[in-house]
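Spelled out, the chains give:
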Amino acid sequence: MMLIIAVSPSSSQFAASKPPTKKSNSGKISAAAAKLRLLKKLRCTLKFEKRAWSTGAQHVAGVDEVGRGSLFGPVVAAAVILDPAYRIRGLRDSKLLIAERREELALQIRQHSIAWAIAAVDSARIDQINIYHASRLAMLRAVQQLAPAANYLLVDAMRLDCELPQQPIIHGDALSASIAAASIIAKVERDRMISEWDPVFPAYGLASNKGYCTPRHLAALREHGPSPLHRQSFAPVWSAPVPQEVLGFMLQDAGADEIVGDESLEAAVADSMIPQ
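(A) Broad picture of unusual backbone geometry. Cis geometry is found at the peptide bond from Ala147 to Pro148, where omega equals 5°. Relative to the helices and strands, Pro148 is located in the loop between helix H6 (131–144) and strand E4 (152–156). Here His171, not a glycine, exhibits a phi torsion of approximately 55°, which is positive. For His171, the location among the structural elements is in the loop between strand E5 (166–169) and helix H7 (172–175). Non-glycine residue Lys210 carries a positive phi angle of around 55°. Tracing the backbone shows Lys210 in the loop between helix H9 (206–209) and helix H10 (215–224).

Here it is as structure tokens:
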């Protein structure tokens, strides 16, 4: 994250000689910037966990996902049951933490939580059921993997298809310590997964943008087209003017002198996108 600080000159003489500048027409900031400001103001506490504990729930799990807005790769979710007897300082929305701090906190979360689990839904499944349902599916899979099992859920802005008592919380990763912990370990895991694909698809800058919609990523899509791991149902991907790239291992080697026809190529791509 780059922090840009504008410093106004203190000299009145300099200020007088400086030509007047125009303010923006509306003075508005982008929706993303406004949300970031809001998240920074929110306090991440154990308030929601304490309410659940007071009802008799012993294993309260925070649940969150990351990668929902990415153009590439899976959506990853995590579920975390924090230990009430061990406080992990610095938990907050993973988007507000630098990478090094996320790594440090992720290690503490794994070491000191009662239970944690991570699950992912790949890009092919995302294209089949849409990103909203894929996110809920990844969250549910993470919850189902917890051992010991959760008996109460705190979920970031969603309700899951299970019988466990649960509370969806808007901006939950900025308000609930358990949800923040889930967002941190999910973010660290997904960043690792996407970075491993960077050498395979170097044109897209995945190591830096993690598959999100950056100018370089969009330019690469226009120039090279999408990879097989891009989300074909997302507009910047399906509208790319270049056909989808195909990985070599998707095609069976029929010999150097045999040419793979268009229909075989399409079949290989289709088969590769079916989730196992």
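(B) Representation of the nonpolar core. Ranked by size, the top nonpolar core spans 34 residues in total, and within it Val63, Leu146 and Leu153 carry the most contacts. The set of elements that each furnish at least two residues to this core consists of strand E1 (60–66), strand E2 (75–81), strand E3 (115–121), H6, E4 and H10. When near neighbours in sequence (up to four residues on either side) are disregarded, Val63 contacts Ala78, Ala79, Met139, Val143, Leu153, Leu154, Val155, Asp156, Leu160, Ile179 and Ala182. The next biggest cluster of nonpolar side chains, apart from the first, holds 19 residues, and it includes Ala78, Leu91, Ile109 and Val188.

(C) View of a positive patch on the surface. Taken together, Arg37, Lys40, Lys41 and Arg92 make up a surface patch of like positive charges. Within the secondary structure, Arg37 sits in helix H2 (residues 31–41). The class for Arg37 is exposed, based on a relative accessible area of 52%.

(D) Broad picture of the environment of Trp116. Positionally, Trp116 belongs in strand E3. Relative accessible area serves as the criterion here: at 35%, Trp116 is assigned to the partly exposed category. Separated by 29 residues in the primary sequence, Trp116 and Gln145 place their C-alpha atoms 8.2 Å from one another. Other than its neighbours up to four places away in sequence, Trp116 contacts Ala79, Val80, Ile109, Arg110, Leu146 and Ile185. Polar side-chain contacts of Trp116 include one of 3.4 Å to the backbone oxygen of Arg110.

(E) A look at helix H3 (residues 47–54). If you check which residues of H3 are buried, you get Phe48, Glu49 and Ala52. Mapping the buried residues of H3 onto a view down its axis gives an arc of 100°, with all of them on the same face. In H3, the exposed positions that point more than 90 degrees away from the buried face belong to Lys50 and Ser54. Lining the buried residues of H3 we find E1, E4, E5, H7 and helix H8 (177–197). Gly56 sits one or two residues past H3 and shows a positive phi near 105°.

(F) Examining the sheet that holds E3 more closely. The mixed open sheet is built from five strands, whose spatial order is E3-E2-E1-E4-E5. The strands lining the two open edges of the sheet, one partner per strand, are E3 and E5. Sheet twist, expressed as the average angle between the axes of neighbouring strands with direction ignored, equals 20°. The pairing of E4 with E5 spans four bridges and is parallel. Of the residues in E5, the one forming a bridge with Val155 is Pro168.

(G) Spotlight on the side chain of Ser178. Along the chain, Ser178 falls in helix H8. If we skip the residues at most four places from it in the chain, Ser178 touches Glu49, Val60, Gly62, Val80 and Leu82.

(H) A look at the packing of helix H4 (residues 99–112) against H8. Contact geometry for H4 and H8: axes closest at 9 Å, N-to-C directions at 115°. Of the two elements, H4 crosses H8, and the hand of that crossing is left-handed. For the pair H4 and H8, contact is made by Arg102, Glu103, Leu105, Ala106, Ile109 and Arg110 and by Ala181, Ile184, Ile185, Lys187, Val188 and Asp191, respectively. Residue classes in the contact of H4 with H8 are distributed as seven nonpolar, no polar and five charged.

The rules behind these values
- Residues numbered from 1 in each chain as written.
- Predicted model: local features only at pLDDT ≥ 70, side-chain atom pairs only at ≥ 80, totals over all residues.
- Heavy atoms only, no water.
- Helix = DSSP H or I, 4+ residues; strand = E, 2+ residues; numbered from the N terminus.
- Core = buried A, V, L, I, M, F, W, Y, C linked by side-chain atoms within 4.5 Å.
- Buried < 20%, exposed > 50% of the residue type's maximum accessible area, 1.4 Å probe, protein only.
- Contact = heavy atoms within 4.5 Å.
- Patch = residues over 30% accessible without salt bridge, like charges linked within 9 Å, V, L, I, M, F, W, Y side chains within 5 Å.
- Areas by Shrake-Rupley, 256 points an atom, 1.4 Å probe, with all protein chains shown as cover.
- Salt bridge = Lys/Arg side-chain N within 4 Å of Asp/Glu carboxyl O.
- Lys, Arg positive; Asp, Glu negative; His and termini not counted.
- Charge placed at Lys NZ, Arg CZ, Asp CG, Glu CD.
- Polar contact = N/O pair within 3.5 Å; in protein donor to acceptor, adjacent residues only side chain to side chain.
- Arc of directions from axis to C-beta.
- Pairing = 2+ DSSP bridges.
- Axes fitted to C-alpha atoms, helices over the stretch in contact; angles between N-to-C directions.
- Left-handed = near helix turned anticlockwise from the far one by under 90°.
- Nonpolar A, V, L, I, M, F, W, Y, C, P; charged D, E, K, R; others polar.

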